Amino acid sequence: MGFELKDAFEVARTEIAGYAQWFTSALASPTYIGQRALEWRDDGGPAGAGGNKDFYAVLLVSAVLGATIGAIIPDRPPLKDRFTVALVVVLAWLFISVCTHFFVRLFRGTAPLGVTVRAMMQVLAMAYVASNFVALLVTSAAAVFTPLKSLLVHNDLETPGSILVLAQFLLLLVYIPLTLRAAHGTRGILAGTAVGVLSALFGAGIAMALVTQQSC
C-alpha cells in the first residue's frame, strides 16, 4: 500500500510539474503553443499517441483549474458542478477551434485541421485559466479598494463576468495571431490581425454566453 501511494504521489507530482511547465511556457510565448501543436499532431504513430495524451491532460487540467478558480471569485453567481463546467468549456473550445480553422484557410493557412484545433485549444485553455485568475485578483482588490471599484463601475466592468470576458478577449487578441502564425507558417500582419480579431470576438462571444448561463 505504501509503495502504491508513493507511486501515485510521484505520478501526480510529475503531471503537476508538466502542466506548470506548459502553462508558464504558453503564457510566455505564443510561438511555443504553435510548436507544441505541431509536435502533438496525430500522425498515427507512438509519438502521436503520446502527444495526444499530453494534449488531453492540458485540456482537462485547464478546464477544471479554471472552473475551480472561477468558483471562488467574490460576488460571482454559483457555478454548476465543476466537471460539468469543464465538459461544457472543452466542447466550446473545440467548436471555436474548428470555426477558426475556416478563418485561417481563408487567409491561406496550410496546416491541417488537427494542428489548428491543437493550437487554438491550447490558447483557449491558457486564456481560460489566466482570465479567471485575473478576474479573481481584480474582483478581490475592488472589494478592498473603493477607487478601483468605482473605476470598474464607470467602465461597465462591475461584474466578475464582464472582467473575465474582457481579460479573455485581450489575451486571445494577442495570442491567436502569433500562435497560428507559428502553427501554419502564415505571413502578413493584416492576415494575422484579421484572424486574431475574428477568432477573439467569436471566442469572447461564446464566453459571454456561457458566463451568462453560469456555465464557465
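Keep in mind that this is a model prediction, so the values were computed, not measured.

Parameters and conventions
Residues numbered from 1 in each chain as written. Predicted model: local features only at pLDDT ≥ 70, side-chain atom pairs only at ≥ 80, totals over all residues. Heavy atoms only, no water. Helix = DSSP H or I, 4+ residues; strand = E, 2+ residues; numbered from the N terminus. Buried < 20%, exposed > 50% of the residue type's maximum accessible area, 1.4 Å probe, protein only. Areas by Shrake-Rupley, 256 points an atom, 1.4 Å probe, with all protein chains shown as cover. Contact = heavy atoms within 4.5 Å. Axes fitted to C-alpha atoms, helices over the stretch in contact; angles between N-to-C directions. Parallel < 35°, antiparallel > 145°, perpendicular 65-115°, else oblique. Left-handed = near helix turned anticlockwise from the far one by under 90°. Nonpolar A, V, L, I, M, F, W, Y, C, P; charged D, E, K, R; others polar. Salt bridge = Lys/Arg side-chain N within 4 Å of Asp/Glu carboxyl O. pLDDT = per-residue confidence, 0-100. Phe/Tyr/Trp six-rings, centres within 6.5 Å; stacked < 30°, edge-to-face > 60°. Core = buried A, V, L, I, M, F, W, Y, C linked by side-chain atoms within 4.5 Å. Patch = residues over 30% accessible without salt bridge, like charges linked within 9 Å, V, L, I, M, F, W, Y side chains within 5 Å.

(A) The overall build of the protein, seen in detail. Across its full length, the protein carries eight helices and zero strands. Along its sequence from the N terminus, the protein presents helices and strands in the succession α-α-α-α-α-α-α-α. Counting every position in the protein, which comprises 216 residues, the buried fraction comes to 44%. Summing over all exposed atoms, the protein offers an accessible surface of approximately 11,300 Å²; the carbon and sulfur share of this is 70%.

(B) Summary view of the environment of tryptophan 93. Here tryptophan 93 lies in helix 4 (residues 82-106). Take tryptophan 93: its relative accessible area is 3%, and that puts it in the buried class. For the pair formed by tryptophan 93 and alanine 125, sequence separation is 32 residues and the distance between their alpha carbons is 7.8 Å. Excluding anything up to four places from it in sequence, tryptophan 93 contacts Leu59, Ser62, Ala63, Met121, Leu124, Ala125 and Tyr128.

(C) Structural detail: the packing of helix 2 (residues 30-39) against helix 7 (residues 160-184). Relative to each other, helix 2 and helix 7 sit at 40°, their axes nearing to 7 Å. Judged on the interaxial angle alone, helix 7 and helix 2 are oblique. Like other packed secondary-structure pairs, helix 2 and helix 7 cross with a definite hand, here right-handed. Residues Pro30, Thr31, Ile33, Gly34 and Leu38 of helix 2 touch helix 7, and the partners they reach there are Tyr175, Leu178, Thr179, Ala182 and Ala183.

(D) Spatial organisation of the packing of helix 2 against helix 5 (residues 113-144). Here helix 2 crosses helix 5 at 140°, and the two axes come no closer than 8 Å. Looking at the two axes, helix 2 sits oblique to helix 5. The hand of the helix 2/helix 5 crossing is right-handed. Side by side, helix 2 and helix 5 meet where Ile33, Arg36, Ala37 and Leu38 of the first sit next to Val115, Arg118, Ala119, Gln122 and Val123 of the second. Its residues placed into classes, the contact of helix 2 with helix 5 shows six nonpolar, one polar and two charged.

(E) Focus on the pattern of salt bridges. Scanning the model with the defined rule gives one salt bridge in all. Arginine 36 is paired through a salt bridge with glutamate 39; the nearest N and O atoms lie 2.6 Å apart. Placement of both arginine 36 and glutamate 39 in helix 2 is noted, with a separation of three residues, approximately one turn of the helix. Glutamate 39 gets classed as partly exposed once you look at its relative accessible area, which sits at 47%.

(F) Spotlight on the confidence of the model for the protein. Across the protein, the average pLDDT comes to 77, with 71% of residues at 70 or higher. Model confidence for the protein, summarised as mean pLDDT per element, is weakest for helix 8 (residues 189-212) at 66 and strongest for helix 5 at 89. Contacts for the low-pLDDT stretch residues 43-50, under 50 throughout, to residues beyond four places or in other chains number two contacts.

(G) Molecular detail of the packing of aromatic side chains. In this structure the tally under the stated criterion is six aromatic pairs. Between tryptophan 93 and tyrosine 128, the ring centres sit 5.7 Å apart and the planes meet at 75°, which makes this aromatic pair edge-to-face. In this pair, tryptophan 93 sits in helix 4 while tyrosine 128 sits in helix 5, placing the two residues 35 residues apart along the sequence. Of the aromatic side chains, those joined through ring pairs into one cluster are Tyr19, Trp22 and Phe23.

(H) Fine view of the nonpolar core. Membership of the largest hydrophobic core comes to 47 residues, with the highest contact counts inside it found for Trp22, Phe23, Trp93, Met126 and Leu172. Of all elements in the fold, only helix 1 (2-28), helix 2, helix 3 (46-71), helix 4, helix 5 and helix 7 reach the threshold of two or more residues within this core. Leaving out residues up to four positions away in the same chain, phenylalanine 23 has contacts with Met126, Val129 and Ala130.

(I) Spatial organisation of a nonpolar patch on the surface. A surface patch of nonpolar side chains, about 540 Å² in accessible area, is lined by Leu166, Leu170, Leu173, Val174, Leu178, Val197 and Leu201. Breaking the nonpolar patch down by element, the ones donating at least two residues are helix 7 and helix 8. Per-element accounting of the nonpolar patch gives the leading share, five residues, to helix 7. For leucine 173, a relative accessible area of 30% gives the class partly exposed.

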